[in-house]
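Take a look at the letters that make up each chain.
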Amino acid sequence: MSEQVVPEFQHRTVLLDEAVSALAIEGPRADGIYVDGTFGRGGHSRKILESLGPRGRLIAFDKDPQAIATAASIADPRFDIVHDSFATMAQALQEKGIEKVDGVLLDLGISSPQVDDASRGFSFRADGPLDMRMDTTRGISAAEWLASADEQTIGKVVRDYGEERFAVQIAKAIVAGRAVRPINGTRQLAQIVAGAVKTREKAKDPATRTFQAIRIFINQELEELEVVLDQAFRQMAQQGRLVVISFHSLEGRIVKQFMASKARLPQPDRRLPIRAVDLPQPEMKLLARIKPSDVEVADNPRARSAIMRVGERLAGAASSGADK
């Protein structure tokens, strides 16, 4: 029997140079500690390692076993990979004896290899098992969830995480469809959704929003994002950089609101006499909001919706004991 060949799916890292540049890994900061919360296929991590000094350190996270296997090829003593969600950042860093980091990079969403590999179940373009788990070693698959969730729950997930106006109709169609036979394949689900969606957006498959919604729900992407943003800020040294690349409005809104809340000037009680020098200061300075260039989008259409936001923790920010 011949050996099975596992296909290698290519991934083009979005905003590669811009993201690593935003971490400001230069001068004394080159020997700092940085976190790549979403290793993927290692594009950002490898670029960060190129910028690090000899005493620098990079801790990367990823839930995907295939990403962990790719990370094993990086033979660099400055590099560590954690097979877990970036929402475990605080605990993982504590276990490594790390109290502070100088920068955190989060490249959100789904990677091209995950989309292109039909066996992962993320895409409706090619038929495959309806899995959708980023970490295939734990949790329930999308097929398992669709087999047991009630109509109201399915509709709420599709509406809230997919911003789909036909969520009720889609939920009804899924429940009706599974009564005939189990929904185990990506094309099977896509066809059910297509039959329930009355109108189609130009150049967009009617199943796009539903697949996004189920994927986000199965992987708890928004909940984990809220957790990691708070943890990243708490772990960040003064003048540390937070760089986040988002790809859709739901995660982008969470990132935008979090950074804005940290950059907002706290309002003191006007009835109290407070000297100007004692006035509360914002905790973060917003540095940039960057989108891919036309050249990058032309070369990699999947980059078209990306938005990178950059913030810096201010030296005078209150720390809850976390500052240097």
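Residues numbered from 1 in each chain as written. Predicted model: local features only at pLDDT ≥ 70, side-chain atom pairs only at ≥ 80, totals over all residues. Heavy atoms only, no water.

**Let's talk about the environment of Ala 22**
Then step 1. If you trace the backbone, Ala 22 turns up in helix H1 (residues 16–22).
Then step 2. What makes Ala 22 buried here is its relative accessible area of 12%. (Helix = DSSP H or I, 4+ residues; strand = E, 2+ residues; numbered from the N terminus. Buried < 20%, exposed > 50% of the residue type's maximum accessible area, 1.4 Å probe, protein only.)

**Let's talk about the sheet that holds strand E7 (residues 307–313)**
Then step 1. As summarised here, the arrangement of the seven strands in space is E3-E2-E1-E4-E5-E7-E6, forming an open sheet in which the pairing is mixed. Unpaired on one side and paired on the other, strand E3 (79–83) and strand E6 (284–290) mark the two borders of the sheet. Averaged over all pairs of adjacent strands, the angle between strand axes in this sheet comes to 15 degrees, irrespective of strand direction.
Then step 2. As paired strands, strand E4 (residues 101–107) and strand E5 (residues 236–246) are joined by six bridges and run parallel to one another. Of the residues in E5, the one forming a bridge with Val 104 is Leu 242.
Then step 3. Packing of helix H2 (residues 43–51) onto the sheet brings it into contact with strand E1 (33–36), strand E2 (57–62), E3, E4 and E5, and relative to E2 it is tilted by some 175 degrees. (Pairing = 2+ DSSP bridges. Axes fitted to C-alpha atoms, helices over the stretch in contact; angles between N-to-C directions. Contact = heavy atoms within 4.5 Å.)

**Quick word on the pairing of E4**
Then step 1. The buried count for E4 comes to seven of seven residues, which makes it a mostly enclosed element.
Then step 2. Relative to E4, E1 runs parallel, the two sharing three bridges. Residue pairing in the sheet places Tyr 34 in a bridge with Gly 103 of E4.

**A word on the packing of aromatic side chains**
Then step 1. Going through the model one piece at a time under the given rule, you end up with five aromatic pairs.
Then step 2. Measuring from centroid to centroid gives 5.2 Å for Phe 124 and Phe 211, while their planes differ by 80 degrees, and the two rings are edge-to-face. Of this pair, Phe 124 sits in the loop between helix H5 (112–116) and helix H6 (142–148) while Phe 211 sits in helix H10 (residues 208–219), and the two are 87 residues apart along the sequence. A single burial state applies to Phe 124 and to Phe 211, both of which are buried. (Phe/Tyr/Trp six-rings, centres within 6.5 Å; stacked < 30°, edge-to-face > 60°.)

**Things to note about the nonpolar core**
Then step 1. Core analysis: the biggest nonpolar cluster contains 60 residues, and Val 104, Leu 130, Leu 189, Leu 229 and Leu 242 have the highest contact counts within it.
Then step 2. Among the elements that take part in this core, helix H11 (residues 221–235) stands out by supplying six residues, more than any other.
Then step 3. Those residues in contact with Val 104 that sit more than four places away from it in its chain are Leu 23, Val 35, Met 89, Ala 232, Met 236, Arg 241, Leu 242 and Val 243.
Then step 4. Membership of the second largest hydrophobic core comes to 26 residues, among which are Ala 19, Ile 25, Leu 58 and Met 308. (Core = buried A, V, L, I, M, F, W, Y, C linked by side-chain atoms within 4.5 Å.)

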